[in-house]
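Below, each chain spelled out in residue letters.
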Amino acid sequence: MRLGIIGTIQLAATLIFAVPLGIFGLNAFLDGQRLLGGGLLAVAVLMVVLPRMVTTPGDIPSKVVESVVGKAVKTPDDDEK
């Protein structure tokens, strides 16, 4: 999965919030607060994974254009150069 500059910045911004939440959840889990710690760990993981898996309305036009261009444009083979 390759990320562009904007995707990398978005991932870094997400990690700024997800990492401390995950560390706090892990500490709470290890201190015996299993429900709170497990819940916070799950939220931290979902903060990072969910935006990569869910298609938003803003993603639909780019996916349509990508599929149309992929059908219209062929990449040249090594023999064709």
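Residues numbered from 1 in each chain as written. Predicted model: local features only at pLDDT ≥ 70, side-chain atom pairs only at ≥ 80, totals over all residues. Heavy atoms only, no water.

## As for the overall build of the protein chain
Condition: Secondary structure elements are defined from DSSP: runs of H or I of at least 4 residues count as helices, runs of E of at least 2 residues count as strands, and each element is numbered from the N terminus. Each residue is assigned to one of three classes by its accessible area relative to the maximum for its type, calculated with a 1.4 Å probe on protein chains only: buried under 20%, partly exposed between the two thresholds, exposed over 50%. Using a 1.4 Å probe, the Shrake-Rupley method yields the accessible areas, and only the shown protein chains count as cover for residues.
The secondary structure content of the protein chain amounts to three helices and zero strands. In the protein chain, the succession of helices and strands from N to C terminus is α-α-α. Classification of the 81 residues of the protein chain by burial places 10% in the buried group. Surface accessibility of the protein chain: about 6800 Å² in total, with carbon and sulfur atoms responsible for 69%.

## Focus on the packing of aromatic side chains
Definition in use: Aromatic contacts are taken between Phe, Tyr and Trp rings whose centres are within 6.5 Å, Trp giving its six-membered ring; a plane angle under 30 degrees counts as stacked, one over 60 as edge-to-face, and the others as tilted. The rule for a charge over a ring is simple: NZ of Lys or CZ of Arg within 6 Å of the ring centre, and within 35 degrees of the ring normal.
By the definition in use, this model includes zero aromatic pairs. The ring of Phe-29 has Arg-34 sitting right over it, with the charged end atom 4.7 Å from the ring centre.

## Remarks on the UniProt feature "transmembrane region" (unreviewed entry) in the protein chain
In plain terms, the rule: UniProt positions are given in the numbering used here, feature names are shortened, and annotations may be inferred rather than shown by experiment.
Within the UniProt annotation, "transmembrane region" (unreviewed entry) is assigned to residues 12–30 and 36–54. Along residues 12–30 the backbone is 100% helical and 0% strand, and the end-to-end C-alpha distance reaches 27 Å. Secondary structure over residues 36–54 splits into 95% helix and 0% strand, and the C-alpha atoms at its two ends are 26 Å apart.

## Considering a nonpolar patch on the surface
Here is the rule: Patch membership is restricted to residues that have no salt bridge and whose relative accessible area is over 30%. Joining uses 9 Å for like charges and 5 Å for the nonpolar side chains Val, Leu, Ile, Met, Phe, Trp and Tyr. When a carboxyl oxygen of Asp or Glu lies within 4 Å of a side-chain nitrogen of Lys or Arg, that pair is called a salt bridge.
Residues Val-45, Leu-46, Val-49, Leu-50, Met-53 and Val-54 make up a contiguous nonpolar surface patch of about 530 Å² in total accessible area. Mapped onto the fold, Leu-50 is located in helix 2 (residues 34–53). Leu-50 gets classed as partly exposed once you look at its relative accessible area, which sits at 41%.

## Points about helix 2
Our working definition: An expected span of 1.5 Å times one less than the residue number is assigned to each helix. A residue's bend is the angle separating two fitted axes: one through the seven residues that end there, the other through the seven that start there. Working rule for contacts: check all heavy atoms of both residues, and any pair within 4.5 Å makes them a contact.
For helix 2, which comprises 20 residues, the first-to-last C-alpha distance of 27 Å matches the rise-based estimate of 28 Å (1.5 Å per residue) to within 8%. The largest bend along helix 2 reaches roughly 35° and is located at Met-47, with the proline Pro-51 sitting one to four residues downstream. Of the surrounding secondary structure, the elements contacted by the buried residues of helix 2 are helix 1 (5–30).

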